[in-house]
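# Geometric and topological summary
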Amino acid sequence: MRYHTHIVSSLAVGTGIAAYTPVSFTIAYAAGLTLGSLLPDIDEPNSYIGRRSFGVAKQVNKAFGHRGFTHSLLAWGAITIVLLLQHFSPFTLGLCLGYAFHVLADYCSSQGVPLLWPFSKKRYRFIVTYRTSSFFETLLFYCFLALFIYFLTNGAIEENRSFFTFLFIDFLE
């Protein structure tokens, strides 16, 4: 999946969670969702995040390859346990959710993901899959974008706050 589809799909699902649970949709939470949606691809030097990693992506790729450790339940679990138990905040919650949504999205791709790495290098995938950069992925992007906008305008942001207030005032808090 391309980086912008990862971002929009994670924001859409994360906004839906905020609309129907006590989780607050804040700038910090949205930033966490965005970063988390990109983080598993730190294992690919040519990815959006990999090109901005100051060489870290090359080292991770050399050690684990693309869609190896960083796309496993072990990596997600370790990051989630450390961040949520030691540094719980809207940002870290968003980051952990965004990371999980990225792995789930790649699970639905034709390449699949090694969920049980290091115990198994087998790549698991959903029954119905898509190919990266395909028409179906583009369709998914626009569906998730519409869903994101729907949730933003229908309950993700507290009723007494406007979208303008969310963007500008909450950022300063």
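Details of the structure are given in the entry above.
Described in the following lines is the structure provided in the data block. (Residues numbered from 1 in each chain as written. Predicted model: local features only at pLDDT ≥ 70, side-chain atom pairs only at ≥ 80, totals over all residues. Heavy atoms only, no water.)

Further remarks concern the nonpolar core. Among the nonpolar cores identified, the biggest contains 20 residues, and L11, F25, Y29, L33, F148 and L152 are the most heavily contacted of them. When contributions to this core are tallied by element, the ones reaching two or more residues are α1 (3–20), α2 (27–38), α5 (90–107) and α6 (135–156). With five residues, the single largest contributor to this core is α1. If near-sequence neighbours (up to four positions away) are discounted, F148 is found in contact with L11, A12, T15 and F25. Counting five residues, the second largest nonpolar core, distinct from the first, contains A75, Y99, V103 and L115. (Core = buried A, V, L, I, M, F, W, Y, C linked by side-chain atoms within 4.5 Å. Buried < 20%, exposed > 50% of the residue type's maximum accessible area, 1.4 Å probe, protein only. Helix = DSSP H or I, 4+ residues; strand = E, 2+ residues; numbered from the N terminus. Contact = heavy atoms within 4.5 Å.)

Here the focus is unusual backbone geometry. Following W117, the chain continues to P118 via a peptide bond in cis, the omega torsion being 10 degrees. Within the secondary structure, P118 sits in the loop between α5 and α6. For F54, which is not glycine, the phi dihedral falls at a positive 55 degrees. Position of F54 relative to the elements: it lies in the loop between α2 and α3 (56–64). Although it is not a glycine, R67 sits at a positive phi angle of roughly 55 degrees.

This part covers a nonpolar patch on the surface. A cluster of nonpolar residues, L73, W76, L116 and F119, forms a patch on the protein surface that exposes about 430 Å² of accessible area. Residue class for L116 comes out partly exposed when judged on its relative accessible area of 39%. (Patch = residues over 30% accessible without salt bridge, like charges linked within 9 Å, V, L, I, M, F, W, Y side chains within 5 Å. Areas by Shrake-Rupley, 256 points an atom, 1.4 Å probe, with all protein chains shown as cover. Salt bridge = Lys/Arg side-chain N within 4 Å of Asp/Glu carboxyl O.)

Tallied over the full model, the rule gives two salt bridges. Of the charged contacts in the structure, one is a salt bridge between R67 and D106, with a shortest N-O distance of 3.2 Å. With R67 in the loop between α3 and α4 (73–86) and D106 in helix α5, this pair connects stretches of sequence that are 39 residues apart. When sorted by exposure, R67 lands in the same class as D106, which is buried.

In an α-helix, one full turn covers 3.6 residues, which means residues spaced three or four apart are oriented alike. In a regular helix each residue adds 1.5 Å, so 12 residues correspond to 16 Å; α2 covers 17 Å between its end C-alpha atoms and thus fits that length. Every buried residue belonging to α2 is among Y29, A30, G32, L33, G36, S37 and L38, and all of these are buried. In this structure, the buried residues of α2 make contact with α1 and α5. (Expected span 1.5 Å × (residues − 1).)

This brings us to the packing of aromatic side chains. Enumeration according to the criterion identifies nine aromatic pairs in this entry. With centroids separated by 4.2 Å and ring planes inclined at 15 degrees, the aromatic side chains of Y3 and Y48 adopt a geometry described as stacked. Placement of Y3 in helix α1 and of Y48 in the loop between α2 and α3 is noted, with a sequence separation of 45 residues between them. Pairing F141 with Y142 gives two aromatic rings, centres 5.0 Å apart and planes at 85 degrees, and the pair type is edge-to-face. Since its relative accessible area comes to 52%, Y142 is described here as exposed. Clustering of aromatic rings is evident, with ring pairs tying together Y20, Y150 and F151. Seen from the ring of Y48, R52 lies directly overhead, with NZ or CZ sitting 3.7 Å from the centre. (Phe/Tyr/Trp six-rings, centres within 6.5 Å; stacked < 30°, edge-to-face > 60°. Lys NZ or Arg CZ within 6 Å of the ring centre and 35° of its normal.)

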